[in-house]
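Tertiary structure, described
Below are the chains, spelled out letter by letter.
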Amino acid sequence: MTEDSTDDSTAMQAGFDALIAGDERVEPRDWMPEGYRKTLIRQIAQHAHSEIIGMQPEGNWITRAPSLRRKAILMAKVQDEAGHGLYLYSAAETLGIDRSELLDLLHAGRQKYSSIFNYPTLTWADMGAIGWLVDGAAIVNQVPICRCSYGPYARAMVRICKEESFHQRQGFEILWTLSHGSPAQRAMAQDAVNRYWWPSLMMFGPPDTGDGASPSGHTAQSMAWGIKRFSNDELRQRFVDMTVPQAEALGLSLPDPEIRWNEERGSYDFGEIDFTELFEVVKGNGPCNAERMAHKVKAHEDGAWVREAAAAYAAKRESAVA
Amino acid sequence: MTMPALATYALRLGDDALVLSHRLGEWVTNAPQLEEDVALANIGLDLLGQARTLLSYAGDVEAAGRTEDDLAYLRDEREFLNVHLVERPNEDFAVSMARQLLFSTYQLALYERLQDSADPTLAGMAAKAVKEVDYHRDHATQWVLRLGDGTDESHRRMQAGLERLWPYVDEVFGTDDLEQSLVADGIAVDASTLRAGWDGYVDGVLAEATLTRPEGTRTPPGGGRRGIHTEPMGFLLAEMQHLHRAHPGASW
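Everything quoted here is computed from the prediction, not taken from an experiment. Think of each chain on its own: its residues are numbered from 1, step by step along the sequence as written. To read the labels, note that chains go from A and ligands from 1, taken in the order they are written. pLDDT decides what is reported in this predicted model: residues at 70 or higher carry local features, side-chain atom pairs at 80 or more are listed and counted, and totals for whole chains, interfaces and linings draw on all residues regardless. As a rule here, side-chain values come from all non-hydrogen atoms in the structure, and water together with hydrogens is ignored.

Counting from the N terminus, the helices are DSSP H or I runs at least four residues long and the strands are E runs at least two residues long. When its secondary structure is counted, chain B shows 11 helices and zero strands. If you list the helices and strands of chain B from N to C, you get α-α-α-α-α-α-α-α-α-α-α. Using C-alpha atoms as the atom set, the radius of gyration is obtained and then compared with a globule rule of 2.2 Å times the number of residues to the power 0.38. Relative to the compact-globule value of 18 Å for 252 residues, chain B shows a C-alpha radius of gyration of 18 Å, a close match. Structurally, chain B occupies a C-alpha span of about 55 × 40 × 35 Å along its principal axes. Only protein chains enter the area calculation, which uses a 1.4 Å probe; residues under 20% of their type maximum are buried, those over 50% are exposed, and those in between are partly exposed. For chain B, the residues scored as buried account for 60% of the 252 residues in total. Here a residue-residue contact requires only that any non-hydrogen atoms of the pair lie within 4.5 Å. Intrachain contacts of chain B at a sequence separation of at least 6 include 78% that bridge at least 24 residues. Calculation of accessible area relied on Shrake-Rupley with a 1.4 Å probe; when residues are assessed, cover is drawn exclusively from the protein chains displayed. Carbon together with sulfur atoms contributes 51% to the accessible area of chain B, which is approximately 9400 Å² in total. Taking the average place of the 22 positive charges on the side chains of chain B and the average place of its 41 negative ones, the gap between the two points comes to 2 Å. Positive charges come from Lys and Arg alone, negative charges from Asp and Glu alone, with His and the N- and C-terminal ends not counted. Every charge is mapped to an atom, namely NZ of Lys, CZ of Arg, CG of Asp or CD of Glu.

Next up, the structure:
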């Protein structure tokens, strides 16, 4: 390395540091440290994969939705999720990686998606619980990313959060209708909330401190880079504080006897989360990990001849024009 | 039960849209690429919107208090009036794209004419839907071209997809006394008069796609309009209706 290039890289690092320090946006054409690029690719890809795998548990109910209005809303919602996947893969592509490479990494199990989608959707009420709790938790996680230091990710997230907020309201409305319906519908709603509550709390990731805490320095580094703005436990608390009053409004209980208002903290206390479950699901031992991946890989493989045909046709047209 | 002819006509068109929408919903999460998950859901949503308008209208005209959901979820198979083409299973992407081309070409021609219906509700539905279906036909056309003139495998599959569904085409253009009585009042479109334009468009796409126009039909045609369906229809309705029927009178 010559002295000049050392000077260049020092200057480039200084430019990057100044953008971060000034809370400005890093854009694709800007120089960025390799670690920053890799962290963003991993995070945006995981987010994109979560949108795509997340279509499955809800897509599971499109053909069985109990009214035409609900069917239309559900189809639109799953379509939104595919659209979110598209924006996010595009944001990742600005970092110099193709969507097809990211999909290969997902299919090979080398990139992850949110563990919540490894839980089954067993009744119609699960469409409500996913909208209310899972999309609600996603919003709490994602709103701070609208201020992420990487411009394309932040901008994709602004659009996504607007739609997520609609998704959350529709989930709440499904549960409201069920909890004010027949005894069977009410029981269906309570059962869905019972099954989805704890996994939703686990969506914020491992605790900040203690036995289950993430040993790596990922969180601290991501905070320093302006990718992450709040810790896992801060976001989890925000979600609990937002959700407990909503559960009361629904007339449904949350499956945690330790939830109570803590006047001193100005927040709700809640029971201990069994993080061994989260770690098991992350490792691949959740209720639906194998099915979700098998479904995704099958669709991809079954569609290979279609994608090859589209590419061959485009090449023929191009050579005809040339 | 005898329905007014206009209600029956609205149900026929509404059931076509409802059942095809259901089949497209089955593609979601199974499409060859993400853009197609979006496109097929979008087309399915358009059709579902048309179905809701038509079923609600059928209920209004019948004036027996039946809602769109009563008509979608509480009728038995023998009361569904869609053509067989829309209820056939999706099979592979080529079969599904063949269906999209064959059906949307018909539906676009139908709605273009129905915009001038003497019935303002049908005319209004058609005027809105014609823009949607124009896109559906374009989407299908592009795929039939890509698959027909893509690789050897896609050509073979696309040709097989057309052969698979061609026998169900004649039924789509069938007409009967009920339709003719509404044609006489300027309300309905005589489906048989749409065939020539349909042949012209479809033949043009097939030729450009290097595909061969299949032959053949099934007897007796016109079964779906009389409530006689093919075997997969029972499974489709079982899936669509079971939850709604398991909770009689419930709101969702």
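Don't stop here, the text continues.
On to the pattern of salt bridges. Here, a salt bridge means any Lys or Arg side-chain nitrogen found within 4 Å of an Asp or Glu carboxyl oxygen. A full pass over the atoms with the stated rule returns 33 salt bridges over all chains. In this structure, A:Asp302 and A:Lys298 form a salt bridge, with 2.5 Å as the shortest nitrogen-oxygen distance. Here A:Asp302 pairs with A:Lys298, and both are found in helix H12 (residues 289-302), just four residues apart, close to one helical turn. A residue is classified by how much of its surface remains accessible, and A:Asp302, at 42% relative accessible area, is partly exposed. The residue B:Arg66 makes a salt bridge to B:Glu62 at a minimum N-O spacing of 2.9 Å. Summarising the burial analysis for this pair, B:Arg66 and B:Glu62 share the class buried. Residues participating in the shared-partner salt-bridge network are B:Asp170, B:Arg195, B:Asp199, B:Asp203 and B:Arg213.

So, on to the interface of chain A and chain B. Taken together, the contacts link 44 residues of chain A with 49 residues of chain B. Taking both sides of the interface into account, the surface hidden between chain A and chain B amounts to around 4000 Å²; carbon and sulfur atoms contribute 67%. A per-residue breakdown of the area chain A buries against chain B is headed by A:Leu68, A:Trp305 and A:Tyr313, which together make up 20% of the total. Linking chain A with chain B are three salt bridges. Simply put, the buried area is the total loss of 1.4 Å probe accessible area from both parts when two parts are fitted together.

All names here are of chain B. In this description, a line fitted to the C-alpha atoms serves as the axis of each element, helices being fitted only across the stretch in contact, and the angle between N-to-C directions of two axes falls anywhere from 0 to 180 degrees. Contact pair helix H1 (residues 5-25) / helix H9 (residues 177-184): the axes reach a minimum separation of 10 Å and the direction vectors enclose 110°. With respect to H9, the element H1 is oriented roughly perpendicular. In this structure, H1 uses Ala-5, Leu-6, Thr-8, Tyr-9 and Arg-12 to contact H9, whose residues at the interface are Leu-178, Glu-179, Ser-181 and Leu-182. Each residue is assigned to one class: nonpolar for Ala, Val, Leu, Ile, Met, Phe, Trp, Tyr, Cys and Pro, charged for Asp, Glu, Lys and Arg, and polar for all the others, Gly among them. A class-by-class count of the residues in the contact of H1 with H9 yields five nonpolar, two polar and two charged. Roughly parallel covers angles under 35 degrees, roughly antiparallel covers those over 145, roughly perpendicular covers 65 to 115, and oblique covers all other angles.

Turning our eyes to something else, we now look at the packing of aromatic side chains. Given two aromatic rings, their pairing is described by the distance between the two centres and the angle made by the two planes. Planes of paired rings set the category: under 30 degrees apart is stacked, over 60 is edge-to-face and the rest tilted, where pairs are Phe, Tyr or Trp rings (Trp by its six-membered ring) whose centres lie within 6.5 Å. Counted according to the given criterion, the structure contains 14 aromatic pairs over all chains. Ring centres of B:Phe93 and B:Trp143 lie 5.1 Å apart, and the angle between their planes is 90°; on these two criteria the pair is classed as edge-to-face. Taken together, the positions of B:Phe93 in helix H5 (residues 93-114) and B:Trp143 in helix H6 (residues 120-148) put the pair 50 residues apart, joining distant regions of the chain. Ring plane angle 70° and centroid distance 5.4 Å describe the contact between B:Phe173 and B:Trp198, whose orientation is recorded as edge-to-face. Separated by 25 residues along the polypeptide, B:Phe173 in the loop between helix H8 (169-172) and H9 and B:Trp198 in helix H10 (residues 195-208) bring together distant segments of the chain. Of the two residues examined, B:Phe173 and B:Trp198, each falls in the buried class. Our definition puts a charge over a ring when NZ of Lys or CZ of Arg is within 6 Å of the ring centre and also within 35 degrees of the ring normal. The ring of A:Trp61 is capped by A:Arg64, whose NZ or CZ atom sits 3.6 Å from the centre of that ring. Just above the ring of B:Tyr201 sits the side chain of B:Arg137; from NZ or CZ to the centre is 3.8 Å.

Below, the discussion takes up the packing of helix H2 (residues 34-53) of chain A against helix H4 (residues 68-93) of chain A. Residues and elements named next belong to chain A. Running from N to C, H2 and H4 cross one another at 160°; their axes reach a closest spacing of 8 Å. With respect to H4, the axis of H2 lies roughly antiparallel. Crossing hand, H2 versus H4: left-handed. On the side of H2, the interface is formed by Ile-44, His-47, Ala-48, His-49, Glu-51 and Ile-52, while H4 contributes Glu-81, Ala-82, His-84, Gly-85, Leu-88, Tyr-89, Ala-91 and Ala-92. Each residue belonging to the contact of H2 with H4 can be placed in one class, and the counts come to eight nonpolar, four polar and two charged. Each crossing is labelled by how the near helix is turned from the far one, with a counterclockwise turn of less than a right angle marking it left-handed and a clockwise turn marking it right-handed.

Let us look at helix H11 (residues 232-246) of chain B. Residues and elements named next belong to chain B. To estimate how far a helix should reach, multiply one less than its number of residues by 1.5 Å. With 15 residues, H11 ought to run about 21 Å at 1.5 Å a step, and its terminal C-alpha atoms sit 21 Å apart, in line with that. The principal kink in H11, of about 40°, is found at Met-240. For H11, the set of buried residues is Pro-232, Met-233, Leu-236, Leu-237, Met-240, Gln-241, Leu-243 and His-244. Throughout, the bend at a residue refers to the angle made by two axes, fitted to the seven residues ending there and to the seven starting there.

To continue, consider the environment of B:Ala39. Residue and element names in this part refer to chain B. Residue position: Ala-39 is located in helix H2 (residues 34-62). Sequence separation between Ala-39 and Arg-213 is 174 residues, and the spatial gap between their C-alpha atoms is 26 Å. Not counting the four nearest positions on each side in its chain, Ala-39 is found in contact with Tyr-135 and His-139.

Shape is all these values report; function is a separate question.
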